[in-house]
Every structure is written in structure tokens, then in C-alpha cells.
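# Geometric and topological summary
Listed below are the residues making up each chain.
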Amino acid sequence: MVKASPSLPRNHGAFSRQVEFPVVDVLSHLNPYPDKPRITFSSSGTFKLTVFSDLHYGENPWDDWGPQQDVNSTRLMRGVLAAEKPDYVVLNGDLITGEDTFRENSTTLIDRIVAPLNEANIPFSSTYGNHDNEPNITHLEEIRREQLDSHLSYTRTAPPGIGGEGGEGNYWVPVYENATDLTPALILWFFDSRGGWSQGSTSVPLPDWVDASVAGWIERETAAMEAGWDSVEKRERGALAFVHIPPHAIESVQKTLNTTVNPGLNDDTLAQGSTQATTDPSSAGKDQPFWDALNANVKNLHAVISGHDHGDEWCAREPTKDVIFCFDKHSGYGGYSSPGWGHGVRNIVFPSADPTSGLETWILLEGGQTRARVTLDGNYGR
């Protein structure tokens, strides 16, 4: 839900723990959307997110099959939005199959992707995936097109120097219990796991992990939040994180799953290229600075949500950080699939703004069937 709020001066600077800033400057930094309505919990006190993942628009544009998949994906989006009426939508990476697109019209696919959201008047944010970085398209170009296409987009870019090449989409969105509240009740974090290929005729593979520079940015942002918001109002805030490619730590979790605690499709075996920093064995562990910083600095982190692996849709607790991880549901008709997998979304409902309350989450298929419903709370996976 979006509600109008007073605006504060814009300030795009980053903050360091070693430097003290006047409170007014910190608060200005903590209002990253001065010209947009505040995102809030609903009037009933709940907050519902619907997550579309791996839409893969733009496949095979040279034949009849490819464009029809985009038609099918748009139908799915319109149907889900009309039936579910979420307060917020997340597009969690691989919006476009960039290797199949043409340079002259790659970004126009974003127009088609955000059209159902504009029609439904639902605010949203995006992460971008490995297929969104290709010789004919980049994350930055897609972000800029999205911002141009929709005033409902809360996607933004990280400060200069944060995210590495092809990884500009690191940011956070505050969610308020009420539009007039002094401080938010929930922070939605969005991280750019890059991957894919660099732009141009001399294209080379891009790193497939959240860049180490994001670790320091997380530390500075959370320090600014504590310095600014806590000086105004002491309250606990919840958090939820989205990143397209799963952190590498999730690979070992798959071996511990059971269908009672971790229901849902589990058809993609996590191996080389399935998680961050695993495409090239020499890159092993390079997402660790991000993973460490996220879990050390972001308080009350309910879960980390990823796509990328179309045949998985389970949730589990990652033991080294004691944090819950969930896969999305493959939404788009483009991208690889298999009979019986289906297409759909992950729904997530916060029952209240209390950061200690558990989340309800489940997979919704296009035909209306639901599965893999779990409550993500302190007892989950223990």
C-alpha cells in the first residue's frame, strides 16, 4: 500500500561509522524517496508481498514460440495481481533473457513487464539477474528504463563505487506501519548478484556474486539507520532480503531437506552455477563478505529470498548464520522448465508490524492451486 507523506531533502551520500553526521543529514539520507508516497502496511495491519521471479521475457523473438511465452507470462501477471491484490510486488531477477534480445529494442521489454503493475496500480521493486546482463542489455539500462516506465517503481541504484561492474542494483526500501510514523517498521533489502556477460562486442563473463563492496555499504547503511531513526524513536524493525542468485551457503542446505519441514518442489540440484561464486571454481567463497555483512548487520532478518533455480521452491534454515532462506517460484513462461513444475509466484504475508511475529508464505500456481505453505518464525527449521 502506498500513502502520501511529507518529503525531506534528498541526500545520496554514503555514511561511514568513523564520521559523525548531524542528525538532520542522516534523516535526510534515510528518506530515499522524498518524491514518492510511503509504502505502508495495510489498514488491517498486514503487509502482503507477491514475488514474480525469472520472467524471462524476450526469448526466441525470431519465431512464434518466443513471443507467445511473453503473452503467457503477461496473462499470469495480470491474473495473479487481480486475484491476490498484494500491497507490494517484487520482481526477483532475470526479467529478460538478454542473450536472445537485440540491442535496438532490449529495454522495451521492460515496458511490457511493468504494464500489468501500472494497470493494477501496485508499487514494486526489482532485482536483476545473470540473464539481465548480456552484450545487448545491462542491469543499469533496465533499471533506468523501469524508472522511466513507472512512477510505481521503487528500484534505485547504489551509490557510485558500490556493487562492482554490472551490479548497480543494491538498495533498500522502508515500509511504515502508518504513513505518519516517524520511523519504518520493516526494511526490504535488494541486492545485485550480477553474473551474465559484459556489454559490447568484446563481452566477457561478469562475476556471479554480490560484490565485496556491498559488505561495507551494508555496514554503513545500517549504522546510519541506527544513528538516525533511533535518535527519533526507539523501535525494533524487521527486514527481508531479496537477491537473484542464492548465496553459496545454500548449496549444502539442500542435502538436509525433508518434505515435512521443507515442502515444495526440489527438482534442481544445486551445483556449479546454481549459487553465487560457483560458475568458476576459482571464485569459490567470493560472496562470503556480503553474506557475513548481511547477517551481522541487518537485525531481525526474517528471510533471504532468491530465484535463479527454476526447479526449486522450498524454504530452509541455513545453519551457519541461523537465517531462513527461501526460493521463489518460476513465474515466466520463458526460461527452462519441466513438465509438472508449473508457473506461479511466492506470496509472503506479514501478519503485523511486530518484527517478532512469524511470516506466512506459500507458492501460488497460475491456476489457483497452493502448496509449500510454511510459517517462518523463530521455531522454523529448528
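The next subject is the confidence of the model for the protein chain. Confidence along the protein chain averages 93 in pLDDT terms, with 94% of residues attaining 70 or more. No element of the protein chain has a lower mean pLDDT than strand β1 (residues 2–3), at 60, and none a higher one than strand β7 (residues 186–191), at 99. Note that residues 4–21 has pLDDT below 50 and, in this model, 35 contacts with residues that lie over four places away or in other chains.

This structure, assessed with the given rule, holds three cavities of 30 Å³ or more. The calculated volume of the largest cavity comes to roughly 80 Å³. In this structure, the largest cavity is lined by eleven residues; those nearest its centre are N31, Y33, P37, R38 and P174. Elements with a contribution of two residues or more to the lining of the largest cavity: β2 (38–40) and β6 (171–176). Looking at the lining of the largest cavity residue by residue, the classes come out as seven nonpolar, two polar and two charged. The computed volume of the second largest cavity comes to approximately 40 Å³.

Further remarks concern the layout of surface pockets. What the second largest pocket holds in volume is close to 320 Å³. For the second largest pocket, the lining is made up of 18 residues, of which N300, L301, H302, R317 and D322 are closest to its centre. Here the lining of the second largest pocket is built from residues that sort into six nonpolar, seven polar and five charged.

Let us look at helix α2 (residues 65–84). The end-to-end C-alpha distance of α2 is 29 Å, a good match for the 28 Å that 20 residues give at a rise of 1.5 Å each. The set of residues buried in α2 consists of G66, Q69, D70, N72, S73, T74, L76, M77, V80, L81 and E84. Where α2 is buried, its residues contact β3 (47–52), β4 (88–92), α3 (108–120), β12 (344–350) and β13 (359–365). Two residues or fewer after α2 comes K85, characterised by a positive phi angle close to 45°.

Moving on to the sheet that holds β3. Where strands meet in a sheet, backbone hydrogen bonds hold them as pairs that are either parallel or antiparallel. Strand order in this open sheet of six strands is β5-β4-β3-β12-β13-β14, and the pairing throughout is mixed. This sheet does not close on itself; its edge strands, each paired only once, are β5 (124–127) and β14 (370–376). For this sheet, the mean inter-axis angle between neighbouring strands, taken without regard to orientation, is 20°. In this sheet, β4 lies alongside β3 in parallel orientation, the contact comprising four bridges. Considered in β4, the bridge of F52 is made with L91. The strands that α2 touches are β3, β4, β12 and β13; relative to β3, the one it contacts most, it runs at about 170°.

Here is what the cut-offs are and how they apply
Residues numbered from 1 in each chain as written. Predicted model: local features only at pLDDT ≥ 70, side-chain atom pairs only at ≥ 80, totals over all residues. Heavy atoms only, no water. pLDDT = per-residue confidence, 0-100. Helix = DSSP H or I, 4+ residues; strand = E, 2+ residues; numbered from the N terminus. Contact = heavy atoms within 4.5 Å. 1 Å grid on protein atoms, 1.4 Å probe; cavity = no way out; pocket = protein on both sides within 12 Å on 5 of 7 lines; lining within 4 Å. Points joined across faces, edges and corners; volume = space filled by probe spheres on them. Nonpolar A, V, L, I, M, F, W, Y, C, P; charged D, E, K, R; others polar. Expected span 1.5 Å × (residues − 1). Buried < 20%, exposed > 50% of the residue type's maximum accessible area, 1.4 Å probe, protein only. Pairing = 2+ DSSP bridges. Axes fitted to C-alpha atoms, helices over the stretch in contact; angles between N-to-C directions.

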